[in-house]
Amino acid sequence: MAQQEIVTVSPVVVSLSDLASGKSDSLLPEAFGPESLGIIVVKNLPAEFQELRSRVLSSASHLAGLPKEKLTQLEDPDSHFLNGWSLGKEILSNGIPDNFKGSFYTNCSFYGYPDGKIPDEFLNGYEKLTSYTAAGIWPAETDVPGFQQDLKALCKLMIGVAEDVARAVDRLFGGKLDGYPKGYLEHIVATSTTTKARLLHYFPPPANSEALDNDDSWCGEHFDFSCLTALTSAQFVDESDETNKSALPGQVLKELAKSPDPTSGLYIKNRKGEVVKVNIPKDCLAFQTGSALQEATSGNFKAVPHYVQGSKTGTTVSRNTLAVFCQPSLHEPVGSKFEDFATYSQYILKSIH
């Protein structure tokens, strides 16, 4: 995947108020239409967003730094490691386990159900699919103070903004595309019992690692299998910085203004198959389309292929980010090839584990 030239593009940016009011609807084709990037950036978010982002992303470093025995207690093999802590369980395209990033997963059923318990009517026939039905596994409060409270609060905020994005997309495309009834995307985002959050910690790449020769050294090229994915900007942390080395669990870490390597970061393939770099401002959220929406709309919406390139300089720098995958409930149909999202997700999981 040798990259000849870095092309950085600016995605469509809209304010949350304009998105909610419909003032920005004319920009939606540029964000999600046939010639688009398949991504939109939302600014002017609720006041608490930036503080929550800093606390939650810092907690990814604190979590990844826990002793191995504590991290092992947070693993859930029965869920395909899609609940709690996961490291080295995914297989990269070259057949090697992915040891460059650690992930903390949790189901976001708490968005619609404060106690997080999914009602029985949504579980009947799907009891064994613990990837989406298992209760969350959380670190002890003393290990990462405030972690559960902060992560849930940020996920709720991100899903709420995703509802506004979905409502705007529905206004423009609902009932006009094959497989896309009116109100489809808002229904998926607002009512899903399977929306999944993934807090990511990308470890500093080892010096002189052969993996650094790959453009996707931090995360291999892939599609999200959501309908809509909410993304924070990345937090870059120099782990050799004395302030960060002395930070106590739960404290916000000192964040670099940007990656020391300008080539490091998020890359996507546009509709022409061209690789471009996308930067997300710290005070914004980005939303991109996933493969479940592509299936559900007979290809009218295209999933966004993307990968993350690691830093080839500053090898003490780690990267933290949060993705929230807004996807259909297990019983919801997904296109004509799959009976429901449960069937579709199992098909996908078999290909990556």
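What counts, and at which threshold
- Residues numbered from 1 in each chain as written.
- Predicted model: local features only at pLDDT ≥ 70, side-chain atom pairs only at ≥ 80, totals over all residues.
- Heavy atoms only, no water.
- Helix = DSSP H or I, 4+ residues; strand = E, 2+ residues; numbered from the N terminus.
- Rg over C-alpha atoms; globule rule 2.2 N^0.38 Å.
- Buried < 20%, exposed > 50% of the residue type's maximum accessible area, 1.4 Å probe, protein only.
- Contact = heavy atoms within 4.5 Å.
- Areas by Shrake-Rupley, 256 points an atom, 1.4 Å probe, with all protein chains shown as cover.
- Lys, Arg positive; Asp, Glu negative; His and termini not counted.
- Charge placed at Lys NZ, Arg CZ, Asp CG, Glu CD.
- Arc of directions from axis to C-beta.
- Core = buried A, V, L, I, M, F, W, Y, C linked by side-chain atoms within 4.5 Å.
- 1 Å grid on protein atoms, 1.4 Å probe; cavity = no way out; pocket = protein on both sides within 12 Å on 5 of 7 lines; lining within 4 Å.
- Points joined across faces, edges and corners; volume = space filled by probe spheres on them.
- Nonpolar A, V, L, I, M, F, W, Y, C, P; charged D, E, K, R; others polar.
- Phe/Tyr/Trp six-rings, centres within 6.5 Å; stacked < 30°, edge-to-face > 60°.
- Lys NZ or Arg CZ within 6 Å of the ring centre and 35° of its normal.
- Salt bridge = Lys/Arg side-chain N within 4 Å of Asp/Glu carboxyl O.

Our focus in this paragraph is the overall build of the chain. Helix and strand content of the chain: 10 helices and 14 strands. The C-alpha atoms of the chain give a radius of gyration of 19 Å, which matches the 20 Å a tight globule of 353 residues would have. Taking the principal axes of its C-alpha atoms as reference, the chain extends roughly 55 × 45 × 45 Å. By the burial criterion, 55% of the 353 residues in the chain qualify as buried. Taking the contacts inside the chain whose residues are at least 6 apart along the sequence as the reference set, 77% of them involve residues at least 24 apart. As presented, the chain carries roughly 15300 Å² of accessible surface, and 51% of it is formed by carbon and sulfur atoms. When the 31 basic and 43 acidic side-chain charges of the chain are each reduced to a single mean position, those positions are 2 Å apart.

Let us now look at helix H7 (residues 184-191). The set of residues buried in H7 consists of Tyr 184, Leu 185, Ile 188 and Val 189. Angularly, the buried residues of H7 cover 125° about the axis, an arc narrow enough to put them on a single face. Buried positions along H7 lie against helix H6 (147-173), strand S8 (228-232), helix H9 (291-296) and strand S14 (317-326).

The tendency in soluble globular proteins is for nonpolar side chains to be buried side by side. Core analysis: the biggest nonpolar cluster contains 73 residues, and Phe 287 and Leu 322 have the highest contact counts within it. It is H6 that contributes the most residues to this core, 14 residues altogether.

Turning our eyes to something else, we now look at empty space enclosed by the protein. Within this structure, the stated rule accounts for 1 cavity of 30 Å³ or more. Approximately 50 Å³ is the volume found for the largest cavity. For the lining of the largest cavity, the secondary-structure elements that each account for two or more residues are strand S4 (84-87) and strand S5 (101-107). Of the residues belonging to the lining of the largest cavity, the class tally is 1 nonpolar, 3 polar and 5 charged.

Okay, the packing of aromatic side chains next. For the structure shown, the criterion picks out 6 aromatic pairs. Look at Trp 138 and Phe 147: their rings are 5.9 Å apart centre to centre, the planes differ by 65°, and that puts the pair in the edge-to-face class. Ring centres of Phe 341 and Tyr 344 lie 6.2 Å apart, and the angle between their planes is 50°; this geometry places the pair in the tilted category. Remark: Tyr 344 and Phe 341 occur in helix H10 (residues 341-352); sequence separation between them is 3 residues, near one turn of the helix. Note on accessibility: Phe 341 and Tyr 344 belong to one class, buried. Taken together, the aromatic side chains of Tyr 132, Phe 338, Phe 341 and Tyr 344 make up a single cluster linked through ring pairs. When the ring centre of Tyr 202 is taken as origin, the NZ or CZ atom of Arg 319, which lies over that ring, is 5.0 Å away.

Structurally, the position occupied by Thr 193 is in the loop between H7 and strand S6 (196-202). Owing to a relative accessible area of 3%, Thr 193 belongs among the buried residues under this scheme. For Thr 193 and Pro 11, which are 182 residues apart along the polypeptide, the C-alpha to C-alpha distance reads 30 Å. Beyond its immediate stretch of four places on either side in the chain, Thr 193 contacts Ser 109, Tyr 113, Ile 118, Phe 122, Tyr 132 and Ser 329.

Attention shifts here to unusual backbone geometry. Positive phi outside glycine occurs at His 80, with the angle close to 60°. On the secondary structure map, His 80 appears in the loop between helix H4 (68-73) and S4. If you check the backbone angles, Phe 81 has positive phi at about 60° while not being a glycine. Take Phe 81: it is sitting in the loop between H4 and S4. By relative accessible area, which is 17% here, Phe 81 ends up buried.

With that out of the way, let us pick up the layout of surface pockets. Taken as a whole, the second largest pocket holds about 550 Å³ of empty space. Residue assignment for the lining of the second largest pocket shows that the elements contributing at least two residues are S6, strand S7 (219-222), S8, strand S10 (265-269), strand S11 (275-278), strand S13 (306-309) and S14. Here the lining of the second largest pocket takes 4 residues from S14, the largest share from any one element. Here the lining of the second largest pocket is composed, by residue class, of 16 nonpolar, 10 polar and 9 charged.

Attention now goes to the pattern of salt bridges. According to the stated counting rule, one finds 12 salt bridges in the structure shown. Note that Arg 55 is salt-bridged to Glu 51, the shortest N-O span being 2.7 Å. Here Arg 55 and its partner Glu 51 are both found in helix H3 (residues 49-64), 4 residues apart, which amounts to about one turn of the helix. We classify Arg 55 as partly exposed; its relative accessible area is 25%. A relative accessible area of 53% means that Glu 51 is categorised as exposed. Where Asp 150 meets Arg 55, a salt bridge forms, and the shortest distance between an N and an O atom there is 2.9 Å. Taken together, the residues span a long stretch of sequence, with Asp 150 in helix H6 and Arg 55 in helix H3 at a distance of 95 residues.

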